[in-house]
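# A closer look at the structure
Listed below are the residues making up each chain.
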Amino acid sequence: MAKKKLVLKVTAGADAPERCSQAFTVAAVAVASGVEVSLWLTGEASWFALPGRAAEFSLPHAAPLPDLIEGIRVGGGMITVCTQCAARRDMEEKDLIEGARIAGAQVFVAEAMGDGVQALVY
């Protein structure tokens, strides 16, 4: 049986903390459950690909964002920042947390349209 894959796009950051936290939580739980995860950071969520920025995020009764990100990374999940979102924020791949990348819509579409893929947008 092929390994299941989940592609998540999170469009919210500190501007919509509950939606943001839910996306990272689902990604971390999926990785811990053995699901192949590709987490796309767009819009205000892009900032969390920079070292130290996740530590600035706080939401009562939610797992700390740095812990969720570490769980995703250590568990083999891919974290990607949208090309346009990175450019608008003057981010380059060298600026990102270890293991994160910058990629465009064509890569997102290719991942989301793969066989056996479930895509979610938060």
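Higher on the page you've got the structure.
Residues numbered from 1 in each chain as written. Predicted model: local features only at pLDDT ≥ 70, side-chain atom pairs only at ≥ 80, totals over all residues. Heavy atoms only, no water.

Along its length, the protein chain carries four helices and five strands. Reading the protein chain from its N end, one meets helices and strands in the order β-α-β-α-β-α-β-α-β. Taken over the C-alpha atoms alone, the protein chain extends approximately 40 × 35 × 25 Å along its principal axes. Here the protein chain holds 122 residues, and 42% of them are scored as buried. Accessible area of the protein chain: about 6600 Å², with a carbon and sulfur share of 54%. (Helix = DSSP H or I, 4+ residues; strand = E, 2+ residues; numbered from the N terminus. Buried < 20%, exposed > 50% of the residue type's maximum accessible area, 1.4 Å probe, protein only. Areas by Shrake-Rupley, 256 points an atom, 1.4 Å probe, with all protein chains shown as cover.)

Moving on, we come to the nonpolar core. Core analysis: the largest hydrophobic core is formed by 32 residues, its most contacted members being Phe24 and Leu41. Counting residues per element, the ones that place at least two in this core are β1 (5-10), α1 (17-32), β2 (36-41), α2 (65-74) and β3 (78-82). Element by element, the count of residues in this core is highest for α1, at seven residues. The residues touching Leu41, leaving out its near neighbours within four places in the chain, are Val10, Phe24, Ser46, Phe48, Ala49, Ile79, Thr80, Val81 and Cys82. Grouped together as the second largest cluster of nonpolar side chains are five residues, Trp40, Ala103, Phe108 and Ala112 included. (Core = buried A, V, L, I, M, F, W, Y, C linked by side-chain atoms within 4.5 Å. Contact = heavy atoms within 4.5 Å.)

Let us now look at the environment of Ala30. As for its placement among the helices and strands, Ala30 is situated in helix α1. Look past the residues within four positions of Ala30 in its chain and what remains in contact with it is Leu6, Val35 and Val37.

Our next topic: the environment of Gly71. Within the element layout of this structure, Gly71 appears in helix α2. Note: C-alpha distance between Gly71 and Val31 (40 residues apart in sequence) is 7.6 Å.

A word on the state of the cysteines. As used in these notes, a disulfide is a covalent bond between sulfur atoms, one from each of two cysteines. Evaluated as defined, the whole model comprises zero disulfides. Of all cysteine sulfurs in the structure, the one in Cys85 sits closest to Cys20, which takes part in no disulfide; the separation is 13 Å. Residue Cys20 is classed as buried on the basis of its relative accessible area, which comes to 0%. No disulfide involves Cys85; its nearest neighbouring cysteine sulfur is the one of Cys82, lying 3.1 Å away. (Disulfide = S-S within 2.5 Å.)

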